[in-house]
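# Coordinate analysis (summary)
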Amino acid sequence: MLKDLPGLGALFRQAQEFGTRLHAMTDELRNQRVVGSAGGGMVEIEVNGLVEVLRCRVDPSMVSQNDRELLEDLIVVAVNQAISKAKELHAEKVRGLTSGIPLPGLEQALAKFFGGVPGAQGDGPGGDMDIPHKT
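Residues numbered from 1 in each chain as written. Predicted model: local features only at pLDDT ≥ 70, side-chain atom pairs only at ≥ 80, totals over all residues. Heavy atoms only, no water.

### Considerations on the environment of M25
Within the secondary structure, M25 is located in helix α1 (residues 5-31). For the pair formed by M25 and H90, sequence separation is 65 residues and the distance between their alpha carbons is 9.0 Å. Excluding anything up to four places from it in sequence, M25 contacts H90, K93, V94 and L97. (Helix = DSSP H or I, 4+ residues; strand = E, 2+ residues; numbered from the N terminus. Contact = heavy atoms within 4.5 Å.)

Here is the structure:
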């Protein structure tokens, strides 16, 4: 039983190193920004890599239209797009953090946890999401 102690020490060092890298990854994600937009850029939502909303910008012309329902819809679409982009960024960082460590099922877990946002539409990362005007 005592012959396994050197391996236990190495495992403990790896766990400490992983914890340090995880903390650094969290700091990086906190400082990275993505933007979701809707209505041709009339509404923009900025979030960081930890999926914290940092800014909401609404073009003044949207407010002057007095179409509250459309504005609410555009905000929802922009938020969902920003969240989807932040989750994608987060998943990329997790993949980088675990590179070289064989973790069976990692890709499936990332897809399940960081998968697309239900109801989000658009043309992929970096694209604009639009809701047609209601008539």
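### With respect to the side chain of N48
Checked against the element boundaries, N48 lands in strand β2 (residues 43-48). You can call N48 buried: its relative accessible area is 2%. Among the polar contacts listed, one links the side chain of N48 to the backbone oxygen of R30, at a separation of 3.4 Å. Separated by 2.9 Å, the side chain of N48 and the backbone nitrogen of L50 make a polar contact. Leave out the neighbours within four places in its chain, and N48 touches L29, R30, Q32, R33, L54 and A86. (Buried < 20%, exposed > 50% of the residue type's maximum accessible area, 1.4 Å probe, protein only. Polar contact = N/O pair within 3.5 Å; in protein donor to acceptor, adjacent residues only side chain to side chain.)

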